[in-house]
Amino acid sequence: MRQLLYISSSHPRGAAADIAAILGQSQRNNCAAGVTGLLWTDGVRFLQVLEGEADAVAATYARIAADPRHTAIVVLADRTVAAREFGDWSMARRGPGDTADGFDARMQAALGAASPAVRGTFMGLIAARRAA
Ligand SMILES: Cc1cc2nc3c(=O)[nH]c(=O)nc-3n(C[C@H](O)[C@H](O)[C@H](O)COP(=O)(O)O)c2cc1C
């Protein structure tokens, strides 16, 4: 099973990405391709982990990497995992009604089975964006 983690920035800079459209496409395609993972965004940055059969992850990532809605895509990790760390496909965005603690708790739950490195990358970025 391949697991790929990347970070990117929404494009054009400062434009709020159409998160609902991305989520709809992702849910439909990832479910069909057996790709699971997590996409976190604050509307400016994206951090996404994708996992599944190597071919399915490669095809999904190739589409994502060519998407003009984001730029400066950097792969942070690309590795083989024995078993899925994300049971399904999900997306996390802190909404106006979320408290910081409530959102953290949701993220911790979504990252419950993730490796320390993956969990640390998500929580580190979230903390950094909150402080920004
Ligand atoms: C930050 C970001 C994350 C995305 N994540 C996924 C994803 O996990 N799966 C997916 O199929 N498409 C994802 N997309 C959308 C793809 O880039 C592409 O537009 C889409 O797969 C095309 O699918 P369609 O031909 O079925 O509309 C993402 C796009 C962005 C900007």
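### Looking at the sheet that holds strand E1 (residues 2-10)
Here is step 1 of the chain: Ordered by their spatial adjacency, five strands build an open sheet running E4-E1-E3-E2-E5, and the pairing between neighbours is mixed. The open sheet is flanked by strand E4 (70-80) and strand E5 (89-92), the only strands paired with a single partner. Looking at each pair of strands side by side, their axes are set apart by 10 degrees on average, direction ignored.
Here is step 2 of the chain: Here helix H1 (residues 19-33) sits on the sheet and contacts strand E2 (36-41), strand E3 (45-52) and E5; the angle it forms with E5, its principal contact strand, is near 165 degrees.
Here is step 3 of the chain: On top of the sheet, helix H4 (residues 116-131) reaches E1, E2, E3 and E4; it is set at about 165 degrees to E3, its chief contact.

### Side note on the nonpolar core
Here is step 1 of the chain: The biggest cluster of nonpolar side chains holds 17 residues, and the ones touching the most others in it are Leu38, Trp40, Leu47, Phe86, Met107, Leu111 and Phe122.
Here is step 2 of the chain: Listed by contribution, the elements that provide at least two residues to this core are E1, E2, E3, helix H3 (100-110) and H4.
Here is step 3 of the chain: It is H4 that provides the largest number of residues to this core, a total of five residues.
Here is step 4 of the chain: If we ignore the near neighbours within four places in the chain, the residues touching methionine 107 are Leu38, Trp40, Ala92, Phe122, Met123 and Ile126.
Here is step 5 of the chain: Judged by nonpolar contacts, the second largest core, of 14 residues, contains Leu4, Ala56, Val57 and Trp89.

### Details of the pairing of E2
Here is step 1 of the chain: In terms of burial, E2 is largely enclosed, as six of its six residues are buried.
Here is step 2 of the chain: Residues Thr36, Leu38 and Trp40 point to one face of E2 and Gly37, Leu39 and Thr41 to the other, with burial holding for every one of them.
Here is step 3 of the chain: Pairing analysis gives six bridges linking E2 to E3, with the strands arranged antiparallel. Paired with threonine 36 across the strands is glutamate 51, a residue of E3.
Here is step 4 of the chain: The loop that links E2 with its antiparallel partner E3 comprises three residues; one of these, glycine 43, has a positive phi angle of about 95 degrees.
Here is step 5 of the chain: Alignment of E2 against E5, held across four bridges, turns out to be parallel. Residue pairing for E5: glycine 37 is matched across the bridge by tryptophan 89.

### Details of the site of the ligand
Here is step 1 of the chain: Around the ligand, the structure places 17 residues, and the nearest of them are Ser26, Asn30, Gln48, Arg63 and Asp67.
Here is step 2 of the chain: Contact distances for the ligand include 3.1 Å between an oxygen atom and a side-chain N or O atom of arginine 28.
Here is step 3 of the chain: For the ligand, an oxygen atom lies 2.9 Å from a polar atom in the side chain of glutamine 48.
Here is step 4 of the chain: In the complex, the protein chains occlude 83% of the 630 Å² of accessible area that the ligand would expose alone.
Here is step 5 of the chain: Among the elements of the structure, H1, E3 and helix H2 (54-65) are those that each provide at least two residues to the shell around the ligand.

### Points about the packing of H3 against H4
Packed helix pairs are specified by the crossing angle of their axes together with the interaxial distance, meaning the distance between the axes.
Here is step 1 of the chain: Between H3 and H4, the least distance of the axes is 11 Å, while the angle of their chain directions is 165 degrees. The angle between the axes of H3 and H4 places the two elements in the roughly antiparallel class. For the pair H3 and H4, the sense of crossing is right-handed. Note on element contacts: H4 touches H3 through Arg119, Phe122, Met123, Ile126 and Arg130, opposite Ala100, Phe103, Asp104, Met107 and Gln108.
Here is step 2 of the chain: Looking at the contact of H3 with H4, its residues break down into six nonpolar, one polar and three charged.

### Focus on the environment of serine 9
Here is step 1 of the chain: By the element assignment, serine 9 lies in strand E1.
Here is step 2 of the chain: Sequence spacing of serine 9 and leucine 47 is 38 residues, and the spatial spacing of their C-alpha atoms is 8.9 Å.
Here is step 3 of the chain: Setting aside its immediate chain neighbours within four residues, serine 9 contacts Val44, Arg45, Phe46, Arg69, His70, Thr71 and Ala72.
Here is step 4 of the chain: At 3.3 Å, the side chain of serine 9 and the side chain of arginine 45 are in polar contact.

Rules and cut-offs
Residues numbered from 1 in each chain as written. Predicted model: local features only at pLDDT ≥ 70, side-chain atom pairs only at ≥ 80, totals over all residues. Heavy atoms only, no water. Pairing = 2+ DSSP bridges. Helix = DSSP H or I, 4+ residues; strand = E, 2+ residues; numbered from the N terminus. Axes fitted to C-alpha atoms, helices over the stretch in contact; angles between N-to-C directions. Contact = heavy atoms within 4.5 Å. Core = buried A, V, L, I, M, F, W, Y, C linked by side-chain atoms within 4.5 Å. Buried < 20%, exposed > 50% of the residue type's maximum accessible area, 1.4 Å probe, protein only. Near = heavy atom within 4 Å. Polar contact = N/O pair within 3.5 Å; in protein donor to acceptor, adjacent residues only side chain to side chain. Areas by Shrake-Rupley, 256 points an atom, 1.4 Å probe, with all protein chains shown as cover. Parallel < 35°, antiparallel > 145°, perpendicular 65-115°, else oblique. Left-handed = near helix turned anticlockwise from the far one by under 90°. Nonpolar A, V, L, I, M, F, W, Y, C, P; charged D, E, K, R; others polar.

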